[in-house]
Amino acid sequence: MEVMDFLGMNMEGIVDEFLKKIDDNWQPSDFLPDTASGNFNAQLKDLQEQCRELPYDYLAVLVGDIITEEALPTYQSWLTDVTGVDKMRPEGWSKWVRMWTAEENRHGDLLNKFIYLSGRINMRQMEISTQYLIADGFDIGTGRDPYKNFVYTSFQELATNISHRRTATIAKTHGCLQLSKICAVISADEARHARAYKSFVNRIFDVDASEMMLVFAEMMQKKIVMPAHFLRQAGQKIGETYSHFSDAAQRLGVYTSLDYTDILQSLIKEWKIADRFNLTDKAEKARDYLMKLPERYRKVASRDQKPTLAYQFSWIK
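Remember, it's a predicted structure, so these values are computed and weren't measured experimentally. (Residues numbered from 1 in each chain as written. Predicted model: local features only at pLDDT ≥ 70, side-chain atom pairs only at ≥ 80, totals over all residues. Heavy atoms only, no water.)

**What about the overall build of the protein chain?**
For step 1, the next point in the chain: Helix and strand content of the protein chain: 13 helices and zero strands.
For step 2, the next point in the chain: Each helix (α) and strand (β) of the protein chain, taken in turn from the N terminus, gives the series α-α-α-α-α-α-α-α-α-α-α-α-α.
For step 3, the next point in the chain: The C-alpha radius of gyration of the protein chain comes to 20 Å, within 12% of the 20 Å expected for a compact globule of 317 residues.
For step 4, the next point in the chain: On the principal axes, the C-alpha backbone points of the protein chain span a range of 65 × 50 × 35 Å.
For step 5, the next point in the chain: Taking all 317 residues of the protein chain together, the buried fraction comes to 53%.
For step 6, the next point in the chain: Counting only contacts in the protein chain whose residues sit at least 6 apart along the sequence, the fraction spanning at least 24 positions is 83%.
For step 7, the next point in the chain: By element, 51% of the accessible surface of the protein chain is carried by carbon and sulfur atoms, the whole surface being about 15200 Å².
For step 8, the next point in the chain: Taking the average place of the 40 positive charges on the side chains of the protein chain and the average place of its 44 negative ones, the gap between the two points comes to 4 Å. (Helix = DSSP H or I, 4+ residues; strand = E, 2+ residues; numbered from the N terminus. Rg over C-alpha atoms; globule rule 2.2 N^0.38 Å. Buried < 20%, exposed > 50% of the residue type's maximum accessible area, 1.4 Å probe, protein only. Contact = heavy atoms within 4.5 Å. Areas by Shrake-Rupley, 256 points an atom, 1.4 Å probe, with all protein chains shown as cover. Lys, Arg positive; Asp, Glu negative; His and termini not counted. Charge placed at Lys NZ, Arg CZ, Asp CG, Glu CD.)

See below:
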């Protein structure tokens, strides 16, 4: 509580540094055909033509990403329950959660509208999966601990940045320039949010290094669970679809085990783990464990083979 109060003392400055002014920020309608325009039908036809050549696995990954973004109510309710976040107060950490949520909300909103207009997706089946993911929640192993939650959000924002950046590149190679632009602007948001959460952890290291080191090591021992790990389709058990979604992402190279390792390596560098001294004995052991971990993961990742088993998703027409 002391550390969270200390970190949240200048919340106005944090919001100004890492989040954009609402009036100046992009909105979903900036990237979609204008329904009030006399040229709407031509714009819609062009959008659908651009989407015609998008491959099956790409559509599966894109829909999985959209469902993950649309499960935002789960993420907001989780963050408002973190120790040190008083959801009844309009200022402090609750303000950060609201402002961050407001920016994130545009992502699923934009992608959902775009994919609906594309005509390539069974929207009812996608919507069923979205409702299931929100209803099922998630279990990411952080509890109410803010240190654990900030490690998780730092990692996860970097992962979504990579995923959206790669989907932008692939869309461009298949001639879908509008979707490429959409994924790119969302990726940029995720990178900015990652910088915020990484800065929170850096500040915790400055005032409570041993505890922060122990938590970082504990989170990596458990491994970072993706927020869509309970993903399912109509008639399925909880989590049944996630491995197939993950396999499609691996096949496409959108997000791989090597990316997981690279994110860990970047966080070790960002948080100056090698240079953290004056730690407790347990925290020193945790630091040494973390320093060896990327190489271990890299060896495992080098032996991984791309999944080859195709899967029929109900989301795709």
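**Things to note about a nonpolar patch on the surface**
For step 1, the next point in the chain: Taken together, the side chains of Phe6, Met9 and Val207 present a nonpolar region at the surface, about 320 Å² in accessible area.
For step 2, the next point in the chain: When you line up the elements, Val207 lands in helix H9 (residues 177–207).
For step 3, the next point in the chain: The exposure class of Val207 is partly exposed, given its relative accessible area of 45%. (Patch = residues over 30% accessible without salt bridge, like charges linked within 9 Å, V, L, I, M, F, W, Y side chains within 5 Å. Salt bridge = Lys/Arg side-chain N within 4 Å of Asp/Glu carboxyl O.)

**Some details on the packing of helix H4 (residues 56–70) against helix H7 (residues 123–136)**
For step 1, the next point in the chain: Between H4 and H7, whose axes approach to 9 Å, the crossing angle comes to 40 degrees. Between H4 and H7, the crossing angle belongs to the class labelled oblique. As for how H4 packs across H7, the hand of that crossing is right-handed. The segment H4 lies against H7, with Val63, Ile66, Ile67, Thr68 and Glu70 engaging Met126, Ser129, Thr130, Leu133 and Ile134.
For step 2, the next point in the chain: Among the residues forming the contact of H4 with H7, the class breakdown is six nonpolar, three polar and one charged. (Axes fitted to C-alpha atoms, helices over the stretch in contact; angles between N-to-C directions. Parallel < 35°, antiparallel > 145°, perpendicular 65-115°, else oblique. Left-handed = near helix turned anticlockwise from the far one by under 90°. Nonpolar A, V, L, I, M, F, W, Y, C, P; charged D, E, K, R; others polar.)

**Here's the deal with the packing of aromatic side chains**
For step 1, the next point in the chain: Enumeration over the complete set of coordinates arrives at 20 aromatic pairs.
For step 2, the next point in the chain: Look at Trp26 and Phe31: their rings are 5.6 Å apart centre to centre, the planes differ by 85 degrees, and that puts the pair in the edge-to-face class.
For step 3, the next point in the chain: Given a relative accessible area of 11%, Trp26 falls into the buried group.
For step 4, the next point in the chain: Judged by centre distance (5.4 Å) and plane angle (80 degrees), the rings of Trp96 and Phe200 are edge-to-face. Note that Trp96 is positioned in helix H6 (residues 93–118) and Phe200 in helix H9, a separation of 104 residues in sequence. Residue Trp96 shares its accessibility class with Phe200, and that shared class is buried. (Phe/Tyr/Trp six-rings, centres within 6.5 Å; stacked < 30°, edge-to-face > 60°.)

**What to know about the nonpolar core**
For step 1, the next point in the chain: Core analysis: the largest hydrophobic core is formed by 103 residues, its most contacted members being Trp93, Trp96, Met126, Phe155, Leu179, Phe216 and Met220.
For step 2, the next point in the chain: If you tally residues by element for this core, the top one is H9, at 12 residues.
For step 3, the next point in the chain: With sequence-adjacent residues up to four places away left out, Phe155 is seen in contact with Met220, Ile224, Tyr255, Tyr260, Ile263, Leu264 and Leu267. (Core = buried A, V, L, I, M, F, W, Y, C linked by side-chain atoms within 4.5 Å.)

**Observations concerning the pattern of salt bridges**
For step 1, the next point in the chain: Scanning all chains against the criterion turns up 18 salt bridges.
For step 2, the next point in the chain: In this structure, the salt-bridge partner of Arg106 is Asp189, at a minimum N-O distance of 2.3 Å. Within this pair, whereas Arg106 is found in helix H6, its partner Asp189 is found in helix H9, the two being separated by 83 residues in sequence.
For step 3, the next point in the chain: Its relative accessible area of 5% is what places Arg106 among the buried residues.
For step 4, the next point in the chain: Where Lys198 meets Glu270, a salt bridge forms, and the shortest distance between an N and an O atom there is 3.8 Å. Note that Lys198 is positioned in helix H9 and Glu270 in helix H12 (residues 257–270), a separation of 72 residues in sequence.
For step 5, the next point in the chain: Take Glu270: its relative accessible area is 32%, and that puts it in the partly exposed class.
For step 6, the next point in the chain: Here the residues in one salt-bridge network are Glu103, Arg106, Asp189 and Arg192, joined through shared partners.

Read these as geometric descriptors, not functional statements.
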